[in-house]
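Okay, here's what each chain looks like letter by letter:
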Amino acid sequence: MSEKRNIFYLLLLALVAFSSNIWVRPADIMEARNFITAREMLESKNYIITTLNGQLRFEKPPLPTWLTALVMKITGNIENEALLRIPVILISVLLIYFIYKVVLEFKKSHRVAFLSAFVGTTMFMLIKIGNENSWDMYTYVFSFGAIFFLVKGLKSKRMRYFIGCSIFLSCSILSKGPVGIYGLFIPFLIAHICVYGKVKYLENRKNLLYMLIITLILSGIWPLLAYRSYPEYFLSVLKKEGGTWGSKHTQGIFYYLDYFIYTGSWIFFSILGVNKKILERYSKEKRYSKFLFIWNILIFVFLSLIKMKKKRYGIPLYILSSMEIGVICDYYYDKFWYELNSFDKIFLKIQKYFISFISIGIVGILFKFGYLNGKLSLEYILICTLILGVFNYKILKNQENVKYVIIGTGIFMLLVNITASWFIDRNFYNKSFVNKYDKLSVLREETPSLEIYSEDYEIEDVWRVGKRINNLDKSIELPEEFILLGKLEKNLSKDYKIELEKTYIKDKDELVKLYYLKKEGE
């Protein structure tokens, strides 16, 4: 396999996978914070002291927000969420590139590298997180890139690779603090030393020391500048964030045990991948499979020890799972059905029928909730049925080359993502009155000139309306004219007359009113 051709196909597939649904989901709270902070960076022209709704925000490092602000600046767009997700798409594509390169460093097989990266490109959770412009993908991709440069440096003893590792580690820290290093990089170091030994580390100890110093310097510039400007507030944020990891979104130690469910069409392969004996049977190089197994277990342990857990924090598990599945796929890739033992035949037949079952389910969902409810045309249903039908026919009919099942599993995930995921995301949580009202986010397209006040709002509302929302309390002096978001209190209705009252809907199912108020007698 040609490396240039492999990378070209992978990057092309990755662009399709990570960009196909960027227009579907409205910004959640994490994205809203990122977008608001980027917008306020451009408004204030201050890229060091970050703010959220006009208030200091040092809870998250600024690198993802800098990249988002750069897209805003280049495109002149501060409201289109799809365009503002370009940075995370590019970062996700970079992850696929690094999966290919890291596997190639260990296996020296372009096919294993291609298959591992291909699995990553078509893995459900990586696709989902790869088009959400929050901080998680950035920190882990940069940490994984640092692993690539470290491996290259340990082999070649060239300082440029250690400098590259420093830059990527610094970017990881400037994306979400030490999260990426803790959840991915440190488990790698332990697993790598356990399996491949510490000789290379001892031979490169001077370069490793320089690498550490450069990382500390580069990653410490922004925190130092923020601390010098607001020392007490900065320290209070550090203290608060330290407590947050043990008090918010707390889950049990086995929370991530079901991570293989979120691999999508690769679910059965991922179950095989976590079994050490099975993985070793499929691997032509036992040491590599042992290394992946230990690395994966360490990641699971490290993530599980932290009380604060969310599914998207499990990104390292999906990265490692794609590498483990790549080993399994390589074993099957050049096999013919008659060469397989009974276990392999049953396993692959289950995979084929699983794809067919999901395909039928998808067509059923699109027909029942789409066509019968007037949300999808019959032509669209027929096209999806034809595409999935022909695809399944090719998979089921082939009884010779196993590679068609391997490639088909990944392509199937992309087909599902393109044909059905957008519909499920957009329609399964809306109530019947959605279409009766404009979305609150329409205000972002033409931001109101009047100041907006509210005593009960979400941070997402600040993104939806396109400007800062002022806190409404008795201690402030209100302007002659302003917009009230939310409930109109009696004391305001006495002093102000309603010029305009309009009802909007938030991104899901909550109604909210906007009152355009003008002081009586004005």
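Preceding this paragraph is the structure being described.
Rules of the game
Residues numbered from 1 in each chain as written. Predicted model: local features only at pLDDT ≥ 70, side-chain atom pairs only at ≥ 80, totals over all residues. Heavy atoms only, no water. Helix = DSSP H or I, 4+ residues; strand = E, 2+ residues; numbered from the N terminus. Rg over C-alpha atoms; globule rule 2.2 N^0.38 Å. Buried < 20%, exposed > 50% of the residue type's maximum accessible area, 1.4 Å probe, protein only. Contact = heavy atoms within 4.5 Å. Areas by Shrake-Rupley, 256 points an atom, 1.4 Å probe, with all protein chains shown as cover. Core = buried A, V, L, I, M, F, W, Y, C linked by side-chain atoms within 4.5 Å. Pairing = 2+ DSSP bridges. 1 Å grid on protein atoms, 1.4 Å probe; cavity = no way out; pocket = protein on both sides within 12 Å on 5 of 7 lines; lining within 4 Å. Points joined across faces, edges and corners; volume = space filled by probe spheres on them. Nonpolar A, V, L, I, M, F, W, Y, C, P; charged D, E, K, R; others polar. Phe/Tyr/Trp six-rings, centres within 6.5 Å; stacked < 30°, edge-to-face > 60°. Expected span 1.5 Å × (residues − 1). Bend = angle between axes of the 7 residues up to and from the residue. Lys, Arg positive; Asp, Glu negative; His and termini not counted. Salt bridge = Lys/Arg side-chain N within 4 Å of Asp/Glu carboxyl O.

Draft legend 1. Structural view of the overall build of the protein chain. Broken down by element type, the protein chain carries 23 helices and eight strands. Taken against the 2.2 N^0.38 rule, which gives 24 Å for 522 residues, the C-alpha radius of gyration of the protein chain at 26 Å falls within 12% of a compact globule. Dimensions of the protein chain, computed from C-alpha atoms along their principal axes, come out at roughly 90 × 65 × 40 Å. Split into buried and exposed, the 522 residues of the protein chain put 53% on the buried side. When contacts within the protein chain are restricted to residue pairs at least 6 apart in sequence, long-range pairs at least 24 apart make up 75% of them. Put simply, the protein chain shows about 24,300 Å² of open surface, and 61% of that area lies on carbon and sulfur atoms.

Draft legend 2. Fine view of the nonpolar core. Judged by nonpolar contacts, the single largest core of 126 residues is most densely connected at Phe144, Leu150, Phe269, Trp295, Met323 and Tyr332. Aside from chain neighbours lying at most four places away, what touches Phe269 is Ile325, Ile328, Cys329, Tyr332, Phe347, Leu348, Gln351, Ile406 and Thr409. Core analysis: the second largest hydrophobic core is formed by 26 residues, Ile36, Leu52, Leu443 and Leu485 among them.

Draft legend 3. Structural detail: the pairing of strand β8 (residues 511–519). As defined by bridge partners, strand β6 (residues 481–485) adjoins β8 across five bridges and the pair is classed as antiparallel. Bridge pairing links Leu484 to Tyr515 in β8. Inspection of the sheet shows strand β7 (residues 496–505) paired to β8 by nine bridges, in the antiparallel sense. Residue pairing for β8: Lys497 is matched across the bridge by Lys518.

Draft legend 4. Just the layout of surface pockets, in detail. Taken as a whole, the largest pocket holds about 1,100 Å³ of empty space. Lining the largest pocket are 43 residues; nearest its centre among them are Arg25, Phe124, Lys128, Glu132 and Asp425. Listing elements by their share of the lining of the largest pocket, those giving two or more residues are α2 (29–44), α7 (124–129), α18 (342–371), α20 (403–427) and α22 (459–465). Residue contributions to the lining of the largest pocket peak at eight residues, all from α20. For the lining of the largest pocket, a count of residues per class yields 20 nonpolar, seven polar and 16 charged.

Draft legend 5. Structural view of the packing of aromatic side chains. According to the stated counting rule, one finds 44 aromatic pairs in the structure shown. When the centroid spacing of 5.2 Å and the interplanar angle of 35° are considered together, the rings of Phe149 and Phe168 count as tilted. One end of the pair, Phe149, is in helix α8 (residues 136–156); the other, Phe168, is in helix α9 (residues 159–176), with 19 residues separating them in the sequence. A relative accessible area of 18% places Phe149 in the buried class. When the centroid spacing of 5.3 Å and the interplanar angle of 70° are considered together, the rings of Tyr331 and Tyr332 count as edge-to-face. Across the pair, Tyr332 and Tyr331 agree in class, each one buried. Taken together, the aromatic side chains of Phe114, Phe118, Trp266, Phe269, Tyr282, Tyr331, Tyr332 and Phe347 make up a single cluster linked through ring pairs.

Draft legend 6. Just empty space enclosed by the protein, in detail. The final tally for this structure, using the stated rule, is one cavity of 30 Å³ or more. The calculated volume of the largest cavity comes to roughly 50 Å³. In terms of lining residues, the largest cavity is bounded by Thr37, Thr50, Arg57, Lys60, Pro61, Pro62, Thr65 and Trp135. Of the residues assigned to the lining of the largest cavity, the class counts are three nonpolar, three polar and two charged.

Draft legend 7. Region of interest: α20. Across its 25 residues, α20 extends 36 Å between first and last C-alpha, which sits within 8% of the 36 Å expected from 1.5 Å per residue. Along α20, the largest kink reaches about 50° and is centred on Ala420.

Draft legend 8. The arrangement of the sheet that holds strand β5 (residues 469–471) in detail. Strand order in the open sheet formed by six strands is β3-β7-β8-β6-β4-β5, and the pairing between neighbours is mixed. The sheet terminates laterally at β3 (438–439) and β5, the two strands that pair on one side only. With two bridges joining them, β3 and β7 adopt parallel strand pairing. Across the sheet, the residue bridging to Lys439 is Ile505, located in β7.

Draft legend 9. A look at the environment of Ile346. With respect to the helices and strands, Ile346 occurs in helix α18. Accessibility expressed as a relative area gives 52% for Ile346, which makes it exposed. Taking the C-alpha atoms as reference points, Ile346 and Leu298, separated by 48 residues in sequence, lie 31 Å from one another.

Draft legend 10. Highlighting unusual backbone geometry. Of note in the backbone geometry, Lys45 takes a positive phi value of approximately 55° without being a glycine. Checked against the element boundaries, Lys45 lands in the loop between α2 and β1 (51–52). Looking at Lys45, the relative accessible area reads 64%, which means it is exposed. For Lys108, which is not a glycine, the phi torsion comes out positive at approximately 55°. Along the chain, Lys108 turns up in the loop between α5 (86–107) and α6 (110–121).

Draft legend 11. Region of the structure containing α5. For α5, which comprises 22 residues, the first-to-last C-alpha distance of 32 Å matches the rise-based estimate of 32 Å (1.5 Å per residue) to within 8%. Of all the 22 residues making up α5, 18 are buried; the element is thus mostly covered by neighbouring parts of the structure. Immediately downstream of α5, the backbone of Lys108 shows phi near 55°, a positive value.

Draft legend 12. Spotlight on the side chain of Glu324. By secondary structure assignment, the location of Glu324 is in helix α17 (residues 315–333). Look at Glu324: it is buried, it has no salt bridge, and the nearest opposite charge is Lys276 at 11 Å. With sequence-adjacent residues up to four places away left out, Glu324 is seen in contact with Gly273, Val274, Leu279, Leu292, Phe293 and Asn296.

Draft legend 13. Expanded view of the pattern of salt bridges. In total, this model carries 27 salt bridges according to the counting rule given. A salt bridge links Arg25 to Asp425, with the shortest nitrogen-to-oxygen separation between them at 3.2 Å. With Arg25 in the loop between α1 (3–19) and α2 and Asp425 in helix α20, this residue pair connects regions lying 400 residues apart in the sequence. Where Arg444 meets Glu81, a salt bridge forms, and the shortest distance between an N and an O atom there is 3.3 Å. With Arg444 in helix α21 (residues 442–445) and Glu81 in helix α4 (residues 81–84), the pair connects residues that are 363 residues apart, well separated along the chain. Judged by its relative accessible area of 10%, Arg444 falls in the buried class. By relative accessible area, which is 12% here, Glu81 ends up buried. Connected through salt bridges with shared partners, the residues Glu458, Asp461, Arg464, Lys506 and Glu510 form a single ionic network.

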